[in-house]
Amino acid sequence: MMETRAKENLKAAWLRQGFIDEAVAEDVDLKGEIRRLCREREAVILAHYYTVGEIQEVADFVGDSLALARQAAETEAKVMVMCGVHFMAETCKILSPEKTVLVPDLNAGCSLADSCRAEDLRRFKEAHPGYEVVSYVNTTAAVKALTDVVVTSGNAKRVVDSFPQDAKLIFGPDYNLGNYINSVTGRKMLLWNGGCHVHERFSVEEILKLKRVHPEAVVMAHLECKGPVLAVADVKGSTATMLHYAQAHPEVKVFIVATEAGILHEMQRTCPDQTFLAVPPEVSEGGLGCSCNECEYMKMNSLLKVYNALKYGWPTVDVDEDIREAARRPIERMLRLS
């Protein structure tokens, strides 16, 4: 009886925490056990580029958020474990409502998604009748449900270009991405004032410090970075764009990379003969090449949490059916346009 009550109290604590952190013996091969549980549960593991290397190594698919959700939807797996942040798990559920979507930690949120609440976007739309909403994929399901078309950093220009030049558009929530798209399309979209706390921390000064030490280096920057950072970048684009550029240019031996440092694991894995230097945040005590500009939410994912999520079938992420259906439509429209 006391043992049962203790387990109930432990589960209640897990529920409050948003993850299961039950310890395992030191000699347990977590990666091996995770793969065994995947076979038993008919599960696939999805790892975003920004998660830690050991998560990426145990995953079935590694990539950007929407690409991962689409890849998992095409499998016969009954369960998917999204190692990323919460909105990514929602996107998985939007595209695969029949599958169980697990997350290692429910507390893994996103500063960019949090910068645009559905109720605030609804009021903004009401204040601007006649405008269509273009939303970055880094948003909650509820925000996607209020959106006319979703975009990624990789296809945003192409999707926006599909609208008439005089179309009235609201773009959110990433101000930097929207500002870049305005600059390359000549449009004047209304921009939501949101941003990623990681990409906001990059500065031109830190890039120039690295460039002075490595003058031959190619600078790559994510479109979520501020305008001045993008202005000094040789390659501007999504995480996948930067990765593919490095893979396609083996003659370039050094890259300076302005995005979350987790991507360096995949870059180094696929391009072992090249050097990748992470740009530190604006205020840094780490010095040149410090890989300290990381997303603490992405780093909430751990092998132990993945193992326990598979073992217990929890935490799960669900999306209300009305919101799910409304959110699916702008994603499908994006896929048709891009």
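Going by the structure above, here's the rest.
Residues numbered from 1 in each chain as written. Predicted model: local features only at pLDDT ≥ 70, side-chain atom pairs only at ≥ 80, totals over all residues. Heavy atoms only, no water.

A. Highlighting the sheet that holds strand β10 (residues 235-237). An order of β10-β9-β11-β12 is seen for the four strands of this open sheet, with the pairing classed as parallel. The open sheet has two edge strands, β10 and β12 (275-278), and neither has a second partner. Here the average twist between neighbouring strands, direction ignored, is 20 degrees. Lying on the sheet, helix α11 (residues 204-213) is in contact with β9 (218-222), β11 (254-258) and β12; it crosses β11 at an angle near 175 degrees. (Pairing = 2+ DSSP bridges. Helix = DSSP H or I, 4+ residues; strand = E, 2+ residues; numbered from the N terminus. Axes fitted to C-alpha atoms, helices over the stretch in contact; angles between N-to-C directions. Contact = heavy atoms within 4.5 Å.)

B. Here's a closer look at the sheet that holds strand β7 (residues 169-172). With respect to topology, four strands assemble into an open sheet ordered β6-β5-β7-β8, the strand pairing being parallel. Each edge of the open sheet is held by one strand with a lone partner, namely β6 (149-151) and β8 (190-191). One ladder, built from two bridges, connects β7 with β8; its direction is parallel. Paired with Ile-170 across the two strands is Leu-190, which belongs to β8. Its contacts with the sheet put helix α16 (residues 321-337) on β5 (132-136) and β6, and the angle it makes with β6 is roughly 65 degrees.

C. Representation of helix α13 (residues 239-248) within the structure. For α13, the set of buried residues is Thr-239, Ala-240, Met-242, Leu-243 and Ala-246. When α13 is viewed along its axis, its buried side chains cluster within an angular range of 165 degrees and face the same direction. (Buried < 20%, exposed > 50% of the residue type's maximum accessible area, 1.4 Å probe, protein only. Arc of directions from axis to C-beta.)

D. Quick peek at the pattern of salt bridges. Inspection of the entire model under this criterion finds 22 salt bridges. Its salt-bridge partner being Arg-36, residue Glu-33 comes within 2.6 Å of it at the nearest N-O pair. Pair noted here: Glu-33 and Arg-36 are both in helix α2 (residues 30-41), with a separation of three residues, about one helical turn. With a relative accessible area of 23%, Glu-33 lands in the partly exposed category. A salt bridge links Arg-36 to Glu-40; the shortest N-O distance between them is 2.6 Å. With Arg-36 and Glu-40 both in helix α2, this residue pair falls four residues apart, about one helical turn. For Arg-36, a relative accessible area of 27% puts it in the partly exposed group. One network of salt bridges, with partners in common, ties together Glu-321, Arg-324, Glu-325, Arg-328, Arg-329 and Glu-332. (Salt bridge = Lys/Arg side-chain N within 4 Å of Asp/Glu carboxyl O.)

E. Layout of the environment of Val-184. Mapped onto the elements of the fold, Val-184 is located in helix α10 (residues 175-185). Judged by its relative accessible area of 35%, Val-184 falls in the partly exposed class. Along the chain, Val-184 and Lys-157 lie 27 residues apart, while their C-alpha atoms are 7.9 Å from each other.

F. Examining the packing of aromatic side chains more closely. Inspection of every chain in the model, using the stated rule, returns three aromatic pairs. Measuring from ring centre to ring centre gives 6.3 Å for Tyr-245 and Phe-255, while their planes differ by 90 degrees; the resulting arrangement is edge-to-face. Of this pair, Tyr-245 sits in helix α13 while Phe-255 sits in strand β11, placing them ten residues apart in sequence. Overall, Tyr-245 belongs to the partly exposed group, its relative accessible area being 26%. (Phe/Tyr/Trp six-rings, centres within 6.5 Å; stacked < 30°, edge-to-face > 60°.)

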